[in-house]
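# Overview (structure and organization)
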Amino acid sequence: MLLELANARQAELRVAETRIAHRMTWAQIARVDRLERALKVAQGRLQMLPTLFPKAN
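Right, let's walk through the structure included here. Here the structure is a predicted model, which means the values were calculated and not measured. (Residues numbered from 1 in each chain as written. Predicted model: local features only at pLDDT ≥ 70, side-chain atom pairs only at ≥ 80, totals over all residues. Heavy atoms only, no water.)

## Side note on the overall build of the chain
- The secondary structure content of the chain amounts to one helix and zero strands.
- Summing over all exposed atoms, the chain offers an accessible surface of approximately 5900 Å²; the carbon and sulfur share of this is 63%. (Helix = DSSP H or I, 4+ residues; strand = E, 2+ residues; numbered from the N terminus. Areas by Shrake-Rupley, 256 points an atom, 1.4 Å probe, with all protein chains shown as cover.)

Below is the structure:
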């Protein structure tokens, strides 16, 4: 019986390990997604700068 409990606990720990790894992966994906969106916004703002400040030629 003790062996069965130990095996069950090990299985639970493996599942928890997999779940944590997946959460970490999704967190990294979400972070990259936020950074990419912020980069696109910044690029859009930079493209508008020449129209806001014309050169004096």
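## Considerations on the pattern of salt bridges
- A complete count under the given rule lists two salt bridges for this structure.
- Residue R9 pairs with E12 through a salt bridge whose shortest N-O separation is 3.1 Å. With R9 and E12 both in helix α1 (residues 2-52) and three residues apart, this pair spans about one turn of that helix.
- Judged by its relative accessible area of 47%, R9 falls in the partly exposed class.
- Residue R37 pairs with D33 through a salt bridge whose shortest N-O separation is 3.0 Å. Taken together, the residues R37 and D33, both in helix α1 and four residues apart, mark about one turn of the helix.
- The exposure class assigned to R37 is partly exposed, which follows from its relative accessible area of 48%.
- Judged by relative accessible area, D33 falls into the partly exposed class, the value being 36%. (Salt bridge = Lys/Arg side-chain N within 4 Å of Asp/Glu carboxyl O. Buried < 20%, exposed > 50% of the residue type's maximum accessible area, 1.4 Å probe, protein only.)

## Focus: a nonpolar patch on the surface
- Taken together, the side chains of M1, L2 and L5 define a hydrophobic patch exposed on the protein surface, amounting to about 420 Å² of accessible area.
- Within the secondary structure, L5 is located in helix α1. (Patch = residues over 30% accessible without salt bridge, like charges linked within 9 Å, V, L, I, M, F, W, Y side chains within 5 Å.)

Coordinates in, geometry out; function isn't part of it.
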